[in-house]
Number of protein chains: 2
Amino acid sequence: MNTTEPSSAPRSVGIVQTQYVELFTDDTTALHLDCGAALAPVRVAYETYGQLNADKSNAVLICHALSGNAHAAGRHSEEDRKSGWWDNYIGPGKPFDTDRLFIICSNNLGGCDGTTGPSSIHPETGRPFGLQFPMITIADMARLQKALIDHLGITQLLAVAGGSMGGMIALQWALDYPDALRSALIIASTPRLSAQNIAFNAVARQAIMVDPHFNGGDYYGEDVPRPVNGLALARMVAHITYLSEKGLHEKFGRKLQDRRELSFGFERDFAVESYLHYQGSSFVNRFDANTYLYITKAMDYFDPFPDPETAAKRIQQITARLLVISFDTDWRFDTSRSKELVKLLNWHQKTVTFEQFRSKHGHDAFLIDDPLYMETLSSFLKRLHQELRHPLARVPL
Amino acid sequence: MNTTEPSSAPRSVGIVQTQYVELFTDDTTALHLDCGAALAPVRVAYETYGQLNADKSNAVLICHALSGNAHAAGRHSEEDRKSGWWDNYIGPGKPFDTDRLFIICSNNLGGCDGTTGPSSIHPETGRPFGLQFPMITIADMARLQKALIDHLGITQLLAVAGGSMGGMIALQWALDYPDALRSALIIASTPRLSAQNIAFNAVARQAIMVDPHFNGGDYYGEDVPRPVNGLALARMVAHITYLSEKGLHEKFGRKLQDRRELSFGFERDFAVESYLHYQGSSFVNRFDANTYLYITKAMDYFDPFPDPETAAKRIQQITARLLVISFDTDWRFDTSRSKELVKLLNWHQKTVTFEQFRSKHGHDAFLIDDPLYMETLSSFLKRLHQELRHPLARVPL
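Residues numbered from 1 in each chain as written. Chains lettered and ligands numbered in written order. Predicted model: local features only at pLDDT ≥ 70, side-chain atom pairs only at ≥ 80, totals over all residues.

A few words on the overall build of chain A. Looking only at helices and strands, chain A has 10 helices and 12 strands in total. If one aligns the C-alpha atoms of chain A with their principal axes, the spans along those axes are about 70 × 55 × 50 Å. A buried classification covers 52% of the 397 residues belonging to chain A. For chain A, restricting intrachain contacts to residue pairs at least 6 apart in sequence, the fraction spanning at least 24 positions comes to 71%. (Helix = DSSP H or I, 4+ residues; strand = E, 2+ residues; numbered from the N terminus. Buried ≥ 20, exposed ≤ 12 C-beta atoms within 10 Å, placed from the backbone. Contact = placed C-beta atoms within 7 Å.)

Of the transformation placing chain B onto chain A, the axial shift is 0.0 Å and the rotation is 180°, giving an RMSD of 0.0 Å. Such a combination of turn and shift is consistent with a two-fold rotation axis. A shared interface surface links the copies, since 100% of the contact residues of chain B are contact residues in chain A too. (Least-squares fit on C-alpha atoms with pLDDT ≥ 70 in both.)

Further remarks concern the nonpolar core. A general tendency of soluble globular proteins is for nonpolar side chains to be buried together. Counting residues in hydrophobic clusters, the biggest one holds 240 residues, and the most contacted among them are A:Ala184, B:Val60 and B:Ala184. Setting aside residues up to four positions removed in sequence, B:Val60 forms contacts with B:Phe96, B:Leu101, B:Phe102, B:Ile103, B:Leu157, B:Leu158, B:Ala159 and B:Ala161. (Core = buried A, V, L, I, M, F, W, Y, C linked by C-beta atoms within 7 Å.)

As a further point, take the interface of chain B and chain A. With 39 residues of chain B at the contact, the number on the chain A side is 39 residues. Mapped onto the side of chain B that touches chain A, the elements with two or more residues apiece are α3 (195-209), α4 (228-242), α5 (245-251), α6 (271-283) and α7 (289-301) of chain B. Looking at the side of chain B that touches chain A element by element, the count peaks at 9 residues for α3(B).

Right, let's get into the domain arrangement of chain A. Residue and element names in this part refer to chain A. The domain boundaries assigned to chain A delineate domain 1 (19-192 + 303-393) and domain 2 (198-295). Computed over C-alpha atoms, the centres of domain 1 and domain 2 are 27 Å apart. In this assembly, 21 residues from domain 1 lie in contact with 17 residues from domain 2. Looking at the side of domain 1 that touches domain 2 residue by residue, the class counts come to 8 nonpolar, 10 polar and 3 charged. (Domains from an automatic or database assignment. Nonpolar A, V, L, I, M, F, W, Y, C, P; charged D, E, K, R; others polar.)

Residues and elements named next belong to chain B. With mixed pairing, the 8 strands of this open sheet are ordered in space as β1-β4-β8-β5-β9-β10-β11-β12. Only two strands of the sheet have a single partner each, and these edge strands are β1 (19-23) and β12 (352-357). Ignoring which end each strand starts from, the neighbouring axes of this sheet average 20° apart. In the sheet, strand β4 (residues 42-49) pairs with strand β8 (residues 102-106) via 4 bridges, with the strands oriented antiparallel. Considered in β8, the bridge of Thr-48 is made with Ile-104. (Pairing = 2+ DSSP bridges. Axes fitted to C-alpha atoms, helices over the stretch in contact; angles between N-to-C directions.)

All names here are of chain B. One can describe the packing of α4 onto α6 by two numbers: an axis separation of 8 Å at closest approach and a directional angle of 130°. Viewed along their axes, α4 and α6 adopt a mutual orientation that is oblique. Viewed along their axes, α4 and α6 form a crossing whose handedness is right-handed. Across from Leu-231, Ala-232, Leu-233, Arg-235, Met-236 and His-239 in α4, the residues of α6 making contact are Leu-276, Gln-279, Gly-280, Ser-281 and Phe-283. Grouping the constituent residues of the contact of α4 with α6 by class yields 6 nonpolar, 4 polar and 1 charged. (Parallel < 35°, antiparallel > 145°, perpendicular 65-115°, else oblique. Left-handed = near helix turned anticlockwise from the far one by under 90°.)

Right, let's get into the sheet that holds strand β8 (residues 102-106) of chain A. Residues and elements named next belong to chain A. A sheet is described by the order of its strands in space; here 8 strands give the open sequence β1-β4-β8-β5-β9-β10-β11-β12, paired in mixed fashion. Both edges of this open sheet fall to β1 (19-23) and β12 (352-357), since each of them pairs with a single strand only. If you compare each strand with its neighbour and ignore which way they point, the axes differ by 20° on average. Strand direction decides the pairing type here: strand β5 (residues 59-63) and β8, joined by 4 bridges, are parallel. Following the sheet pairing, Leu-61 is matched in β8 by Ile-104. Each of β1, β4 (42-49), β5 and β8 touches helix α1 (residues 138-151); the most contacted strand, β1, lies at about 105° to it. Against the sheet, helix α10 (residues 371-389) contacts β9 (159-163), β10 (183-187), β11 (321-327) and β12, and its axis sits at roughly 160° relative to β12.

At a closest axis distance of 9 Å, the pairing of helix α3 (residues 195-209) of chain A and α6(B) adopts a crossing angle of 50°. Relative to α6(B), the element α3(A) is oriented oblique. In this structure, the crossing between α3(A) and α6(B) has a hand that is right-handed. Residues A:Ala195, A:Ile198, A:Ala199 and A:Ala202 of α3(A) form the contact with α6(B), whose participating residues are B:Val272, B:Glu273 and B:Leu276. For the contact of α3(A) with α6(B), the per-class residue count stands at 6 nonpolar, no polar and 1 charged.

When the terminal C-alpha atoms of α4(B) are compared, their 21 Å separation across 15 residues agrees well with the 21 Å that a helix rising 1.5 Å per residue should span. α4(B) sits mainly inside the fold: 14 of its 15 residues count as buried. (Expected span 1.5 Å × (residues − 1).)

All names here are of chain B. Residue position: Cys-63 is located in strand β5 (residues 59-63). A C-alpha to C-alpha distance of 17 Å links Cys-63 and Ser-326, two positions 263 residues apart in sequence. Sequence-distant contacts of Cys-63, defined by excluding residues within four places in its chain, comprise Val-160, Ala-161, Gly-162, Gly-166, Ile-169 and Ala-170.

Further remarks concern the environment of B:Tyr219. All names here are of chain B. Within the secondary structure, Tyr-219 sits in the loop between α3 and α4. Overall, the presence of 20 C-beta atoms within 10 Å leaves Tyr-219 in the buried class. Note: C-alpha distance between Tyr-219 and Arg-182 (37 residues apart in sequence) is 43 Å.

Attention now goes to α10(A). All names here are of chain A. Compared with the 27 Å implied by 1.5 Å per residue over 19 residues, the 27 Å span of α10 between its first and last C-alpha is a close match. The set of residues buried in α10 consists of Tyr-373, Leu-377, Phe-380, Leu-381 and Leu-384. Projection of α10 onto a plane perpendicular to its axis shows the buried side chains occupying an angular sector of 85°, all on one side. With respect to the buried face of α10, the exposed residues turned more than 90 degrees away are Pro-371, Leu-372, Glu-375 and Arg-389. Summarising the contacts, the buried residues of α10 are in contact with β7 (96-97), β9, β10, β11 and β12. (Arc of directions from axis to C-beta.)

Moving on, we get to unusual backbone geometry. Residue and element names in this part refer to chain A. Of note, the amide linkage connecting Ala-40 to Pro-41 takes the cis form, showing an omega dihedral of -10°. Counting through the fold element by element, Pro-41 comes out in the loop between β3 (38-39) and β4. Phi is positive for Phe-24, close to 55°, though the residue is something other than glycine. Looking at the secondary structure, you find Phe-24 in the loop between β1 and β2 (31-32).

Residue and element names in this part refer to chain A. Within the secondary structure, Lys-56 sits in the loop between β4 and β5. Owing to 16 C-beta atoms within 10 Å, Lys-56 belongs among the partly exposed residues under this scheme. Taking C-alpha positions, Lys-56 is 36 Å from Asp-334, a pair spaced 278 residues apart along the chain. When sequence neighbours within four positions are dropped, the list of residues in contact with Lys-56 reads Gly-153, Ile-154 and Thr-155.

Residues and elements named next belong to chain A. Where burial is concerned, most of β10 is hidden: 5 out of the 5 residues are buried. Burial along β10 is two-sided: the residues Ser-183, Leu-185 and Ile-187 and Ala-184 and Ile-186 are all buried. By the bridge criterion, 4 bridges tie β9 to β10 in an arrangement that is parallel. Looking at the pairing, Val-160 lines up with Ala-184 of β10. A crossover connection joins β9 to the parallel β10 through helix α2 (residues 165-176); in handedness this β-α-β unit is right-handed. In the sheet, β10 pairs with β11 via 5 bridges, with the strands oriented parallel. Bridging across to β11, Ser-183 finds its partner in Arg-321. (Right-handed = clockwise from strand over helix to strand, strands pointing away.)

See the structure below:
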């Protein structure tokens, strides 16, 4: 029996709108954080693509990475020149197929694109939180997403998927809300940051915090200068870790920028320098420095399996089927980190599959078109979707 | 016939003094630079260890890396708690055996430790050069060293040796002064920076140049604040690239610093953060930010073999015997870069040998004790030295 439907050519989800909801508005509830603090109310920015089916069983939550936002697919207007950050993967006929699935993507807690974060107004002071914002964790981010899913009336997600930090959030879902998801897709991610990862984050935060315009995180307001130099530097350092040595070599090598001879001055001689400066300076127009501090700290703290006993206890909770994916040139979260996770899951008899794909794009590969990677995502999600309609076909976990 | 002498236990060279010489003091001479400018006079700081023999044939020039200086071995006083930067490799009974060899190490052109550089006084203005200092290249550094060697009355060096950027300078010697050296030791180095290397240097320079105390490079003077935050950041980024992921993991992992619980604040939770901050803040006490700019730019520019024709023409000049060494966990200049150089040299029928050593120390491995690496250096230098005494034993190149 062939259950595969004839697939149409991939299309865009079209024009989309970001939606906003205030959660924890009831005086008796608040978002309780790992640090001990509580936030209320909490605003969430989110987008959805596709149609939620009658029994609300076809919903997939997409978790974004460090600098992403709720706008994962489509465009906000006809004039919009840029599509959402994972547009190539979300839409009719695409791996996250909106002809079948209802896709949700929300801006993470602590973000700067519509969800409550350090640039939001502190209800008690009437001024932006800045560093008064409480420290948040990956588990806190998942906790807020769970509240959003509850608000949407969805009991169980078909999948929670994410790349990089989004993969950490997906793993956190599998650990914390086993009844609320049927699968987790953990892509280009890691169960914990390495010393080197933490070191790079420390440099990024230092760059922001020594910027004279940082002002202890209090730099909001119309005529107030922001720590753009520090944030740009943070992005430049991070950006190097997103790309592979090979990818950088193929794209730039030692090509000069707009010149035929070395400048013998402190201009930007090489194309890779110009590219990196552009990445830094364009980032500051769309991102908040305090959010960068909070999110990198949340990543540093993420460590659900600090020792074998804790790992055993936590992994026992998992009922979701897991797909773990890595890319061979990713040196930020290299394949060994994914394998470490897969090994742990296998030891504890969980249903996990793993694939490593070839790419020249390093860590960024999870965002970039690749037919084999796309096919694996598609097949995994199709199978889950088919089981919805033919529950007898479901392989017992 | 066993020509090996009984070796004594390695010892220190003892108390040493930095010496200074002014070169290009004659009105008619100047140090002509690749950028077209000329410098005169030029002061050089240097140290020597061991005795120059009667025919001046036992001299070895040590070239330091980005942040090194002339003080390669011994201590400056009895109270001096730190020895020179390559003390474990230079001394009686050590690989650079001062019982046999006369070792010279000079601070590089553009440096900040006694040799003329951007912090030196501009003879025309009576004020420090700052960014008025001309752009310099690796070839210019070798050119100044050659003038020093001439000044010392040495016609031919037994060897020129260096790690990292020091290896670039050693290679430059082999290309530019074929008659003036019998061998070059090129360690943990590369014939050119990659796009990724250039990108890291661009971040480092940007960190310095956006520091509000940078002031266009004009920050000298007693009560003038220096761009210490920018320079510390530059060092922090660079330092990450000096260490291997594995070394960082073994040394720090996710160990917390002076605490048992996460701070849930912006303190330095992890030991690796504290370590990195320490590296940054201690560096600014001994290094000049402008020198950092000039030297990283010189490294960016280094590219003696931009195309096969130029490579063929230049490599033809080489008469020195070459030893190329890399370390398996060095990801700044990884083994493939050394192999690329060795392949080129072999294609052009040069006498080159190559070894890769295992180490957990990444790029820094060239500075750290390792018996096998030490033995290879020792043997290579002993053979050269023996040929001095038994010229008939010399294998024709």
